[in-house]
Amino acid sequence: MSRQTLIFANFLAPALYKTYQSIIEYVERIIDIPTFLLNGESPDDFAEGFIDAGFICGLTYVHLARQAPSPVELVAAPILKGVRYQQRPWYFSDIVVRVDSDIRTLEGLRGRTWAYNEKPSHSGYNLVQYMLLEQGERLETFAQTVETGSHAQSLRMVVDCTVDAAAVDSHMLDMVLRNRPDVAQTVRIIDSFGPSTIPPVVVSTRIPDAVKSKLREAFLTIHEDRVLAQQLDLGLIERFTPISDEHYHDIRAMYRKVQQSIAG
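Presented here is an overview of the structure given in this document.

Reading guide: rules and limits
- Residues numbered from 1 in each chain as written.
- Predicted model: local features only at pLDDT ≥ 70, side-chain atom pairs only at ≥ 80, totals over all residues.
- Heavy atoms only, no water.
- Core = buried A, V, L, I, M, F, W, Y, C linked by side-chain atoms within 4.5 Å.
- Buried < 20%, exposed > 50% of the residue type's maximum accessible area, 1.4 Å probe, protein only.
- Contact = heavy atoms within 4.5 Å.
- Helix = DSSP H or I, 4+ residues; strand = E, 2+ residues; numbered from the N terminus.
- Pairing = 2+ DSSP bridges.
- Axes fitted to C-alpha atoms, helices over the stretch in contact; angles between N-to-C directions.
- Polar contact = N/O pair within 3.5 Å; in protein donor to acceptor, adjacent residues only side chain to side chain.
- Parallel < 35°, antiparallel > 145°, perpendicular 65-115°, else oblique.

One finds Phe8, Ile23, Phe55, Leu215, Phe219 and Phe240 to be the most contacted residues of the largest nonpolar core, which totals 54 residues. Once residues lying within four places of it in the same chain are set aside, the contact partners of Phe8 are Ile24, Val27, Thr35, Phe36, Leu37, Leu38, Ala53, Gly54, Phe55, Leu215 and Phe219. With 22 residues, the next largest nonpolar core counts Ile95, Val97, Val128 and Phe193 among its residues.

This paragraph deals with the side chain of His151. Looking at where His151 falls in the secondary structure, it is placed in helix α6 (residues 151-159). Classification of His151 as buried rests on a relative accessible area of 10%.

The subject of this paragraph is the sheet that holds strand β11 (residues 237-241). Pairing in this open sheet of six strands is mixed, and the strands run β2-β1-β3-β10-β4-β11 from one edge to the other. With partners counted over all chains shown, the strands left at the sheet margins are β2 (35-39) and β11, one partner each. When the angles between neighbouring strand axes are averaged without regard to direction, this sheet yields 25°. Pairing of strand β4 (residues 72-80) with strand β10 (residues 201-204) involves four bridges; the strand directions are antiparallel.

Looking now at the sheet that holds strand β7 (residues 144-147). Spatially, β7-β6-β8-β5-β9 is the arrangement adopted by the five strands of the open sheet, whose pairing is mixed. In this open sheet, the two edge strands, each paired with only one partner strand, are β7 and β9 (187-197). Pairs of neighbouring strands in the sheet enclose a mean axial angle of 25°, with direction left out of account. Across five bridges, strand β5 (residues 90-98) lies against strand β8 (residues 165-169) in antiparallel orientation.

Another aspect to go through is unusual backbone geometry. Negative phi is the rule for most residues except glycine; trans is the rule for most peptide bonds. Cis geometry marks the peptide bond from Ala68 to Pro69; its omega dihedral reads 0°. By the element assignment, Pro69 lies in the loop between α3 (58-66) and β4. Of note, the bond from Gly194 into Pro195 is cis; its omega dihedral lies within 30 degrees of zero at 10°. Position of Pro195 among the secondary structure elements: in strand β9. The backbone of Asp32 sits at a positive phi, close to 60°, despite the residue not being glycine.

Looking now at the side chain of Ser93. Of note, Ser93 is situated in strand β5. Residue classification places Ser93 among the buried positions, given a relative accessible area of 0%. Of note is the side chain of Ser93, whose polar atom sits 2.6 Å from the backbone oxygen of Ser123. Discounting chain neighbours no more than four positions away, the residues touching Ser93 are Ser123, Leu127, Val128, Ala167, Val168, Asp191, Ser192 and Phe193.

What follows covers the packing of α3 against helix α11 (residues 249-263). For the pair α3 and α11, the least separation of the axes is 9 Å and the interaxial angle reads 85°. Judged by the inter-axis angle, α3 sits roughly perpendicular to α11. Residues Gly58, Leu59, Tyr61, Val62, His63, Ala65 and Arg66 of α3 pack against Ile251, Arg252 and Tyr255 of α11.

As structure tokens, this is what we get:
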């Protein structure tokens, strides 16, 4: 590896940036290579050599893994705190409305305004499209859609009454509802789509195998460190677990059906 620093990028919710920063500081100590965390801009940066590892959406991983050769390999995936996660590497897309909304069910959203973060997102868009297709619907004809740019902005627009509902990553929503009592008292969940395999940690295929092995070991043992266990708890992460490409076949299948519907 020519670079003397391992560059991580966060392509997920900014609400988790502090947790990820603590994680890579721990990783730095374990692998004995300086690390740096930045906000991700483009997944193409893996192939172009600008970043070495990162926290990415499961759908982004599926797209990268499809390239020949793939620019990334899987490192690990988080197990989230909470009964509904059942100690499995999965998460949900929560459909959120204001607590005082007259909308009680998914059907109640027909013709109303629905926010999602962006089309490349699994929890914000791909999973929503898939679940509606299973019911013979498409998002754009079922509701009036608004692309917001982030899960946080989607949630904010619900709180501000700018939209009627939003599809939000359950991990980010759990964080917000715990840390912001005002928001927790303002919104409620009317439905949850999933579970889907959770966004993974990946590493560039350019990185030497010895470094990849150390990186995986660091993630899989991080919960054993008392101080870092507390940081994981703040991020509502129980621990990290090994993950394989086969785990993401669920997202592949859903994406394939959505794309076939769009093309068809």
